[in-house]
Structures are given as C-alpha cells and as structure tokens.
Amino acid sequence: MEKANKKAIVVGAGLSGAVIARELAEQGYDVQVFERRDHIGGNMFDYVDEHGILVHKYGPHTFHTTKKELFDYICKYGEWDEYHLTCGAVINGKCTPTPFNFQTIDDFFAPNEAKAIKEVLLHEFPSRETVTVVEALNCPNPLVRKYAEFLFENDYRPYSAKQWGLDPSQIDPSILKRVPLRLSYKIGYFDDPYQAMPRISYVEFFENLLDHPNISVELNHDALKDLSIEDGQILYLGQKVDYPIVYTGPIDELFNHAYGPLPYRSLRFEFNHEPIDSKQDMPVVAYPQEPGFVRIIEFKKLPVQNVPGTTYEKEYSLPTSSGGNDEPYYPLLTEKSQENYAKYKEMAEKVPYLYVCGRLGDFKYYNMDQALEAALAIANKILR
Ligand SMILES: Cc1cc2nc3c(=O)[nH]c(=O)nc-3n(C[C@H](O)[C@H](O)[C@H](O)COP(=O)(O)OP(=O)(O)OC[C@H]3O[C@@H](n4cnc5c(N)ncnc54)[C@H](O)[C@@H]3O)c2cc1C
C-alpha cells in the first residue's frame, strides 16, 4: 500500500505562505493553502490594467537583498531582470533624487553656497558614502546644519507627519536615525548587490511557486471560519489537529483580539490614467508639501514598459487596525503595541502544531527578502 502524504494547512498565499507551502510540498506534504483574497501573491500582487500597463495593486514592489542565497531562491521560480529603483521628492515644485544627494544641494542652494556645502560635507565626514540626517542635523558646522534643517523642514517633517497621521510639531528628528544622505551624485534608492524585478510579473512568480502536485490553493476562503483555538489547542472544523497549521494572517485576529487590535497605518491607492508619455521624472516620487497624498507611483517606469499613455497611483496614508475595513500595511510600533504583540506571541507559541509568521503574524515590517528568509526558517523548523 502506498504511504499517505503528511498533511499541512497554510493560511495566506502571500510570499510567506507560498514559500512555506512549496518547501513542505517538496518534502512530501499535502498542503492546503487558504487565501481570503481573490488572488495569490499577497501584497506583491500585480496585474495588467485596461491600458495594457502592469501595475502593482498594493504599492510599488522592487526585490532587493544583500543575500545571494535569497536571490538564487527566487530565481528558481521565475526570471528576474536587474532593476535599480530611482526615487525622488518634489520640494518647492522641483523634483530631486532621494536619498538626497549632491544634486539636491545644487537644486536648492545658490551655486557658491552649494559648492561650499558639498566641500564641508566631504571634509566633516571623510571616507563616508552616506551620513544620516541626524548626524547632519547635529554637525558642528553651520552650513551642514543649514542643509539638513532645510531638508527636515521641507521634506522629512511634513512627509512623516502625513505618513504617520501626526502634527508636524510632533515629528522628532530622532525618528530619522537611519535615513541616509548621499555624499556624492550617486542615484538609486537601494545599495544592495541584488536588485531585481520579475521579467513577466510577480503573479507569474507565485504561479510557479505554487505549481506543485502536492499543493492546492483555495481563494476567497477566510480560514478563520474553520480554525479556532480552544483550551490552548488549535481546531480545524472543530477537530483537534496533529499536523502543522501555518498562519500568515494578523496574529491578533487569530486570538479574537483578546488584547485589543494591533495598530497599523493603512494606505489608499487612487489609480489614474492619462494619455501623456510621462507623469514624473522617476517611478516613485514623494510629495511632502502636497496636502493629502504622500507619493505618486508611475507604473510604466516600474519596470520600464514602452506603452502609450501612463497609469499612476496616488498613495494616501490612513489609520487602521487589523480587522478594520482598510488593509493593515505598516505596523505602528509603540511600547503598548509591542507589549500586546508579545502577549499574542506567547499565546501562539504555546499552541501545538501552530506556526504564526509573515509580516502580519510577526507584527513587523518585512521587506520581501526578510519575509522570504523568515519563511524558509519556519519551513525548516517544521521539517526538522
Ligand atoms: C506599500 C508597500 C510597498 C512595499 N514595497 C516593497 C519593496 O519595494 N520591496 C520589498 O522588499 N518589500 C516591499 N514591501 C513589503 C512586502 O509587501 C512584504 O515583505 C511581503 O508582502 C510580505 O509577505 P507576507 O506573505 O508576509 O504578507 P502578505 O503579502 O500580506 O500576505 C498575507 C496573506 O494572508 C492572507 N490572509 C490573512 N488572513 C487570512 C485568513 N484569515 N484566511 C485566509 N487568508 C488570509 C492575506 O489576504 C494575504 O494575502 C512593501 C510593502 C508595502 C506595504
């Protein structure tokens, strides 16, 4: 008699869920994936719109990593083209590159002063490619401070206030601890050695990842209708399970918000199409001084698509919590929310056969490479 496969359930067909499903399927598990949206791919979902332009439904996604093994992993399931994202910000009507660089200094200061600022920066921070905004704000040299304060008042302060729903006076420079300023004319948003976009689409990558005889995917299926946790045990359709349940949804929803909903910032994307060749200089541009929206993403530049007309989305930042009407995007990491998350995590860790992970399960902002690495670690843990 043939030996029956081991079984596993994976909740969520985003990157975390799909990678774990594939790893388990490769090792002989029958994996049932439940996804409550009507598509696979989670927040990396993309599609071709009615104007023939590939767009990202949940905001712009570029894969980047320092780790070759993670890049090699995604290459197993699709072809990727090298792609270096360039971003900008419009200040006083002028678009300048971000991270801000020497071009920014030329853009906003008179030639003599711009020359002096660049010289002083190189003198104050020798052999450095970047400095943080906080370092520049605290620099003893008044010219460096003048430059940093200009950026803080015209970009970081109003942008952060809009993004986090705060009054500009509440924005403390210390939140910019890691935000870099370039000490050269170098452009490009990331410095990672591996930066890529899928040759066809993220969805094609997910189709390949999930294309395995041991994996079945059910869309439009909210797994929490069938899963419950009672007396420290996880039940599926009312029965105790003795096989892995991987849950990549919001951890607070899994426990019926027992310690209250975890707070997030959400986003609203307003898609537009115009019969023009180009909307803005770069694919992703921040508009710190415009009321309402925070960024505009122009999709024909992400990756480059030679099509007539252009589709772009305006991104608005909104408050939310998981379980609200808006999608949770950026976890709000306050002392209170971290404390509550720790309680949920402790509860989850005590439940046999339950593996909570992914950006919503771990209540953490993950880049794709970080989500991938964490997912591979969970798959290994299950397989061990
Ligand atoms: C605006 C934006 C831009 C980003 N840009 C980049 C970028 O350029 N580069 C980068 O590396 N990263 C980027 N990221 C991060 C990237 O989106 C994440 O790393 C990645 O999507 C994490 O995948 P995940 O599977 O953990 O979560 P998700 O993609 O959120 O997948 C979780 C899935 O679980 C499903 N689910 C939840 N609950 C249930 C349930 N009860 N039943 C069934 N299904 C359920 C959800 O519907 C969802 O599809 C960006 C994020 C945002 C918000």
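These numbers come from a predicted model, not from an experiment. (Residues numbered from 1 in each chain as written. Predicted model: local features only at pLDDT ≥ 70, side-chain atom pairs only at ≥ 80, totals over all residues.)

1. A short note on the site of the ligand
Among the 34 residues in the neighbourhood of the ligand, the closest are listed as Gly-12, Gly-14, Gly-42, Gly-59 and Gly-249. Those elements giving two or more residues to the shell around the ligand turn out to be α1 (15-26), α10 (358-361) and α11 (368-383). Residues of the shell around the ligand, tallied by class, amount to 15 nonpolar, 13 polar and 6 charged. (Near = placed C-beta within 6 Å. Helix = DSSP H or I, 4+ residues; strand = E, 2+ residues; numbered from the N terminus. Nonpolar A, V, L, I, M, F, W, Y, C, P; charged D, E, K, R; others polar.)

2. As for the domain arrangement of the protein
Domain parsing of the protein yields domain 1 (6-57 + 200-261 + 331-383) and domain 2 (99-182). Computed from C-alpha coordinates alone, the two centres of domain 1 and domain 2 are separated by 39 Å. (Domains from an automatic or database assignment.)

3. Quick look at the sheet that holds strand β6 (residues 80-82)
Strand order in the open sheet made by the 3 strands is β5-β11-β6, with antiparallel pairing throughout. At either margin of the open sheet sits one strand with a lone partner, and together these are β5 (63-65) and β6. Geometrically, the sheet is characterised by an average inter-axis angle of 35 degrees between neighbouring strands, direction not taken into account. For β5 and strand β11 (residues 194-198), the ladder comprises 3 bridges, and the chain directions are antiparallel. Note on β11: the bridge partner recorded for Phe-63 is Ala-196. With respect to the sheet, helix α2 (residues 68-75) is in contact with β5, β6 and β11, its orientation differing from that of β5 by roughly 150 degrees. (Pairing = 2+ DSSP bridges. Axes fitted to C-alpha atoms, helices over the stretch in contact; angles between N-to-C directions. Contact = placed C-beta atoms within 7 Å.)

4. With respect to the nonpolar core
Ranked by internal contacts, the top residues of the largest apolar core, which has 56 residues, are Val-10, Ala-18, Ile-20, Ala-21, Val-31, Val-246 and Ala-375. Non-local contacts of Val-10, meaning those with residues more than four positions away in its chain, are made with Gly-17, Ile-20, Ala-21, Val-31, Val-33 and Val-246. Of all hydrophobic cores here, the second largest spans 33 residues; its members include Ile-91, Leu-121, Met-282 and Phe-299. (Core = buried A, V, L, I, M, F, W, Y, C linked by C-beta atoms within 7 Å. Buried ≥ 20, exposed ≤ 12 C-beta atoms within 10 Å, placed from the backbone.)

5. Side note on helix α7 (residues 202-210)
One turn of an α-helix holds 3.6 residues; hence residues three or four places apart share an orientation. Within α7, burial applies to Tyr-202, Phe-205, Phe-206, Leu-209 and Leu-210. For α7, the arc enclosing every buried residue in end-on projection is 125 degrees, short of the 170-degree limit, so these residues lie on one face. Taken together, the buried residues of α7 touch α1, β3 (46-48), α2, β11 and β12 (215-218). (Arc of directions from axis to C-beta.)

6. With respect to the packing of helix α4 (residues 111-124) against helix α6 (residues 142-164)
Closest axis-to-axis distance for the α4/α6 pair is 9 Å, and the angle between their directions is 110 degrees. Taken together, the axis directions place α4 and α6 in an arrangement best described as roughly perpendicular. Together, Ala-116, Ile-117, Val-120, Leu-121 and Glu-124 of α4 and Leu-143, Val-144 and Tyr-147 of α6 make up the contact between the two elements. Partitioning the contact of α4 with α6 into residue classes produces 7 nonpolar, no polar and 1 charged. (Parallel < 35°, antiparallel > 145°, perpendicular 65-115°, else oblique.)

7. Considering the sheet that holds strand β15 (residues 239-240)
With respect to topology, 3 strands assemble into an open sheet ordered β13-β14-β15, the strand pairing being antiparallel. For this open sheet the edge positions go to β13 (227-230) and β15, each flanked by a neighbour on one side alone. Bridge analysis of β13 against strand β14 (residues 233-236) gives 4 bridges, and the strand direction is antiparallel. Across the sheet, residue Glu-230 finds its bridge partner in β14, namely Gln-233.

8. What to know about helix α9 (residues 335-349)
An ideal rise of 1.5 Å per residue puts 21 Å on 15 residues; α9 measures up with 21 Å between its terminal C-alpha atoms. Listed as buried for α9 are Ser-337, Asn-340 and Tyr-344. For α9, the arc enclosing every buried residue in end-on projection is 70 degrees, short of the 170-degree limit, so these residues lie on one face. Of the exposed residues in α9, those oriented more than 90 degrees away from the buried face are Glu-335, Glu-339, Ala-342, Glu-346 and Glu-349. Of the surrounding secondary structure, the elements contacted by the buried residues of α9 are α8 (251-254) and β17 (263-274). (Expected span 1.5 Å × (residues − 1).)

9. Quick word on the packing of α1 against α7
Viewed as axis vectors pointing N to C, α1 and α7 meet at an angle of 30 degrees, and their least axial separation amounts to 9 Å. Relative to α7, the element α1 lies roughly parallel. When α1 is examined against α7, the residues Ala-18, Val-19, Ala-21 and Arg-22 are found in contact with a partner set consisting of Phe-206, Leu-209 and Leu-210. Here the contact of α1 with α7 is built from residues that sort into 6 nonpolar, no polar and 1 charged.

10. So, the environment of Tyr-329
Within the fold, Tyr-329 resides in the loop between β20 (310-321) and β21 (330-331). Linking Tyr-329 and Leu-360, residues 31 residues apart in sequence, is a C-alpha distance of 8.7 Å.

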